[in-house]
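Okay, here's what each chain looks like letter by letter:
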Amino acid sequence: MRKRGRSGFTLIEMMLIVVIMLLASALAVPSFVRSYRGAKLRTAARTVVMVHRHARSMAVLGQKEVGVLFDIAQQHLEVVSIGTETSANDKSKFLEQSADRAADSAIQAGKDSDEEEPKANPTVVSELTRKLPDGVKIDSFESEKVEQEVDGIYWVTYHPNGMSDPYTVRLVDDNQKAAVVEVDPISGKAKVEYE
């Protein structure tokens, strides 16, 4: 007697597998899209926390004051080291220079190369700059040190003892999802809450 072997799949079995795969992908794709949309906001919140930790470490290890500038117009964060002989006037000058940076770059593009550039403030030096991801912006900035603001650039000071000015930053993405980063001035802990 001959045994008849069966090889391959029937058409019904193949269609059943295709239907199961389509159902699984239909359930997985929306979850993946939501996760991808939230990734930029999480990255921006981590950037703020990383800049906070970096500035605090620089202040403690270097035993000097360090500043962090939150630039709402340019959507970036900048860490600056502050010299020991820096006055409040020097900080104000640096803030004004930072506020004029975009205008200065436009002027620099149009002027001759042999002209002398303005000298930077030697007591306040930029150490690190981080831009927020595209599609995420600083929605609001709150601090008790309101006098340290010029044209949408906010200055936060970190002290050699590990303390800093208290502040809260609210970040918003294109989908109107928000993350709030709140920094405790004494412990230096940064708390992130998503709305």
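In case you missed it, the structure is sitting above this.
No experiment lies behind these values; they were computed from the predicted model shown.

1. Here we look at unusual backbone geometry
- For Q63, which is not glycine, the phi dihedral falls at a positive 50°.
- The phi dihedral of Q176 falls on the positive side, at around 65°, and the residue is not glycine.
- In this structure, Q176 sits in the loop between β7 (167-173) and β8 (178-183).
- On the basis of relative accessibility, which here comes to 63%, the residue Q176 falls in the exposed class.

2. A closer look at the side chain of S143
- Looking at where S143 falls in the secondary structure, it is placed in strand β4 (residues 136-143).
- Reaching out from S143, the side chain makes a polar contact with the backbone oxygen of P166 at a distance of 2.8 Å.
- Leave out the neighbours within four places in its chain, and S143 touches P166 and Y167.

3. Observations regarding the pattern of salt bridges
- One pass over the structure, following the stated rule, counts 3 salt bridges.
- One salt bridge connects R170 with D139, and the closest N-O pair in it is separated by 2.7 Å. Pair noted here: R170 is in strand β7 and D139 is in strand β4, with a separation of 31 residues, a long-range link.
- Here D139 falls in the partly exposed class, since its relative accessible area comes to 38%.
- What you see here is one network of salt bridges that share partners, running through D139, R170 and E195.

4. A word on the packing of aromatic side chains
- Under the counting rule described, the total for this entry stands at 4 aromatic pairs.
- Measuring from centroid to centroid gives 5.1 Å for F70 and F141, while their planes differ by 40°, and the two rings are tilted. Here F70 is found in strand β1 (residues 66-71), whereas its partner F141 is found in strand β4, with 71 residues between them in sequence.
- Of the residues examined, F141 reaches a relative accessible area of 11% and is grouped as buried.
- Relative to Y167, the ring of F141 lies with its centre 5.8 Å away and its plane at 15°, an arrangement referred to as stacked. Of this pair, F141 sits in strand β4 while Y167 sits in strand β7, and the two are 26 residues apart along the sequence.

5. Overview of the pairing of strand β2 (residues 76-82)
- With 7 of 7 residues buried, β2 lies mostly within the body of the structure.
- Side chains H76, E78, V80 and I82 project from β2 onto one buried face, and the interleaved L77, V79 and S81 project onto a second face that is buried too.
- Two strands pair when backbone bridges link them, and β1 and β2 are joined in this way by 6 bridges, in the antiparallel orientation. In the strand pairing of β2, G67 is matched with V80.
- The hairpin turn running from β1 into β2, its antiparallel successor, is 4 residues long, and Q75 in that turn takes a positive phi close to 55°.
- Two elements, β2 and strand β3 (residues 124-131), share 7 bridges in a ladder whose sense is antiparallel. Pairing of H76 across the sheet is with K131, part of β3.

6. Some details on the layout of surface pockets
- The volume enclosed by the second largest pocket comes to roughly 170 Å³.
- Forming the walls of the second largest pocket are R34, R37, G38, L41, R42, D173, N175, K177, A178, Y194 and E195.
- Here the lining of the second largest pocket is built from residues that sort into 3 nonpolar, 2 polar and 6 charged.

What counts, and at which threshold
Residues numbered from 1 in each chain as written. Predicted model: local features only at pLDDT ≥ 70, side-chain atom pairs only at ≥ 80, totals over all residues. Heavy atoms only, no water. Helix = DSSP H or I, 4+ residues; strand = E, 2+ residues; numbered from the N terminus. Buried < 20%, exposed > 50% of the residue type's maximum accessible area, 1.4 Å probe, protein only. Polar contact = N/O pair within 3.5 Å; in protein donor to acceptor, adjacent residues only side chain to side chain. Contact = heavy atoms within 4.5 Å. Salt bridge = Lys/Arg side-chain N within 4 Å of Asp/Glu carboxyl O. Phe/Tyr/Trp six-rings, centres within 6.5 Å; stacked < 30°, edge-to-face > 60°. Pairing = 2+ DSSP bridges. 1 Å grid on protein atoms, 1.4 Å probe; cavity = no way out; pocket = protein on both sides within 12 Å on 5 of 7 lines; lining within 4 Å. Points joined across faces, edges and corners; volume = space filled by probe spheres on them. Nonpolar A, V, L, I, M, F, W, Y, C, P; charged D, E, K, R; others polar.

Structural measurements only, silent on function.
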